[in-house]
Every structure is written in C-alpha cells, then in structure tokens.
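What follows is the residue order along each chain.
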Amino acid sequence: GGCTTESVSMAGKKKTTTKGKARGKGRKAPKEDPLHPSRPRNFRIGGDMQPPRDLSRFIKWPRYIRVQRQRRVLFQRLKVPPAINQFKAAADKSLANEAFKLFDKYTPETKAQKSERLAAQASSKAAGGDGTSAAPIVTKFGLNHVTYLVEKCKAQLVLIATDVDPIELVVWLPALCRKKEVPFMLVNNKGRLGQLVHQKKATAVCLTGVAAGDAAKLAKLQEAAMEGFNNNKALLRTWGGGQMGLKTVAALKKREEAMAKEAAKKDDLL
C-alpha cells in the first residue's frame, strides 16, 4: 500500500516537471542590454527609497483648512434664494470692459488736481473775475452716496460688485434700482471698482452724467443693463445651490431605478 502511494506521488512530480520544461522551452529569454542592465529595486527595510505617493487623503489638515473646505461644501448643498444667487450672474467680459472704459474717463479728482483747481479759482477771483467754475463730472462712489443718488433718480448707470462680503451690504441694491428704474450691472470685482475711484475696494459706483461725446456710449450701456439685469425675470426666479455629493447622487439614481422597476412590475400585473 505504501509503495503505491510513493509511486503515484513520484509520477505526479515527474509530470509536473515535464510540463514545466515544455513551457520553458517555448519561451525565449529576453536579451539584456549591456548599456542598460536591469537593476531591480528592493523596497524592503533598509533597501531602496519608497516611490513618492499622494498621501493628501491621509493628512490631518489644520483646523482652518478643514473649516473652509466644509464651509465651501455646505454652501454648495444649501439652497440659495434668487436675491443672493443673482450675484453669480455677473456681466460678461466684453460688456464689463465697455463700462469700465467709460467710467475710467470720469475718475474723481486727486488731492493735487483739486488743489490746483481751487487755486485757479482763487486767482481768478483775486483778479476780479467770477471765481467759480462748473463742478467736474466724476464717478460717484460710497454705498450711502450711491444709494442716495439712486433714491433721488439722479444715477444714470450703477455698477455693483459681486464679491462683497458680507453680501447683505448690497443685496438690496438691485431691488432698489429696479424699483426706481435705474440701470445697473453686476460686475467682477470690488478691487476693479476701487481702481476707478482711487480706492482699494469699492462696493458700488455710479455716473450721474457724461460729456456730450459719451452720451451714445452711455445710452448703449443703459440699454444693455436694462435688458440683462433690470428686466431679466430669470434672475429673480433662479435658485442656486442644492448640489448633492457624488454618493448622494448615485444613491438617488439607484432609488429611482428601483422605483421604476417596481412601477413596471405593477403595470405588468395589471
């Protein structure tokens, strides 16, 4: 009995070796390049350096980074009412550039320019002249001042920054412009508006008038503003936010498919 088992095991071994030899004969060993010999790396302890890996998912980030990321995700999830969501629909680049070019012509006076103008008035008055001159047409800025001009219907075109923080400072200004039928535009960004009036930042600026040569440009911009913002009903109806994550979207899709299958089965039974 013992002899038979040994013979069977030996036969099995012989068979495997012959198969292995047959397989080895069919393959050709790759030729090594003497200029570039293969040097397999050893990544065990004390061996070669490990390859660089992206470990950002395993890093414990500082608290302020975690908070700002969670805040960003939360703003994507929450539903945003149209009054706030309209600030994402800024004027396109070409329209905004046309408006900035017009406003650039009417930047407010610097201190040096103002002192020169007042000195010229004083000298003319001392020479027996009138000593008065027409006030220059300049861009008006300052939230309270712009609000006053809109309420009095003196503003002819208003530019409002879209990145004001907190947004509550200007969230009501588009509604006021619509009520008073004053053309307004939402533009990027408050730093660019600040450049128009020699400030770091400006939430809103406006023009109360222009020279005769720029009247046609102003009328064209007013028409574009009324069409794109004042009379745009979609801005007052479109909600923002409500963006779910990938897992939630996949789960909802799976649930809808299951409900569709159940409805199909009920239809077949009926």
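Summary of the structure given here. As the structure is a computational prediction, the values presented were derived from the model and not from experiment.

Side note on a positive patch on the surface
A contiguous patch of positive charge on the surface is contributed by Lys152, Lys154, Lys179 and Lys180. Take Lys152: it is sitting in the loop between helix 6 (143-151) and strand 3 (157-161).

Some remarks on the side chain of Thr139
Mapped onto the elements, Thr139 comes out in the loop between helix 5 (111-126) and strand 2 (140-141). Among the polar contacts listed, one links the side chain of Thr139 to the backbone oxygen of Phe103, at a separation of 3.5 Å.

A short note on helix 9 (residues 215-230)
Along helix 9, the residues that are buried comprise Leu218, Leu221, Ala225, Phe229 and Asn230. With its buried residues spanning 100 degrees around the axis, helix 9 presents them on a single face. Seen from the open side of helix 9, the exposed residues pointing more than 90 degrees away from its buried face are Ala216, Lys220, Glu223 and Glu227. Of the surrounding secondary structure, the elements contacted by the buried residues of helix 9 are helix 4 (93-104), strand 3, helix 7 (173-180) and strand 4 (184-187).

A look at the packing of helix 6 against helix 7
Interaxial distance between helix 6 and helix 7 falls to 9 Å at its minimum, and their mutual angle equals 20 degrees. Classified by the interaxial angle, the pair formed by helix 6 and helix 7 is roughly parallel. As for the relative orientation of helix 6 and helix 7, their crossing is left-handed in sense. Residues Leu143, Thr147, Val150 and Glu151 of helix 6 lie in contact with helix 7, whose contacting residues are Leu173, Leu176, Cys177 and Lys180. Considered class by class, the residues forming the contact of helix 6 with helix 7 number five nonpolar, one polar and two charged.

Some points on the packing of helix 4 against helix 9
Between helix 4 and helix 9, the least distance of the axes is 11 Å, while the angle of their chain directions is 140 degrees. Put simply, helix 4 runs oblique to helix 9. Of the two possible hands of crossing, helix 4 and helix 9 adopt the one that is left-handed. Contacts between helix 4 and helix 9 involve Leu95, Glu98, Ala99 and Leu102 from the former and Leu218, Leu221 and Ala224 from the latter. Its residues placed into classes, the contact of helix 4 with helix 9 shows six nonpolar, no polar and one charged.

What to know about the sheet that holds strand 5 (residues 204-207)
Strand order in the open sheet formed by four strands is 2-5-3-4, and the pairing between neighbours is mixed. Unpaired on one side and paired on the other, strand 2 and strand 4 mark the two borders of the sheet. Here strand 3 runs beside strand 4; their pairing, made up of four bridges, is parallel. Looking at strand 4, one finds that Val158 is bridged to Phe184.

Definitions and limits used
Residues numbered from 1 in each chain as written. Predicted model: local features only at pLDDT ≥ 70, side-chain atom pairs only at ≥ 80, totals over all residues. Heavy atoms only, no water. Patch = residues over 30% accessible without salt bridge, like charges linked within 9 Å, V, L, I, M, F, W, Y side chains within 5 Å. Areas by Shrake-Rupley, 256 points an atom, 1.4 Å probe, with all protein chains shown as cover. Salt bridge = Lys/Arg side-chain N within 4 Å of Asp/Glu carboxyl O. Lys, Arg positive; Asp, Glu negative; His and termini not counted. Charge placed at Lys NZ, Arg CZ, Asp CG, Glu CD. Helix = DSSP H or I, 4+ residues; strand = E, 2+ residues; numbered from the N terminus. Polar contact = N/O pair within 3.5 Å; in protein donor to acceptor, adjacent residues only side chain to side chain. Buried < 20%, exposed > 50% of the residue type's maximum accessible area, 1.4 Å probe, protein only. Arc of directions from axis to C-beta. Contact = heavy atoms within 4.5 Å. Axes fitted to C-alpha atoms, helices over the stretch in contact; angles between N-to-C directions. Parallel < 35°, antiparallel > 145°, perpendicular 65-115°, else oblique. Left-handed = near helix turned anticlockwise from the far one by under 90°. Nonpolar A, V, L, I, M, F, W, Y, C, P; charged D, E, K, R; others polar. Pairing = 2+ DSSP bridges.

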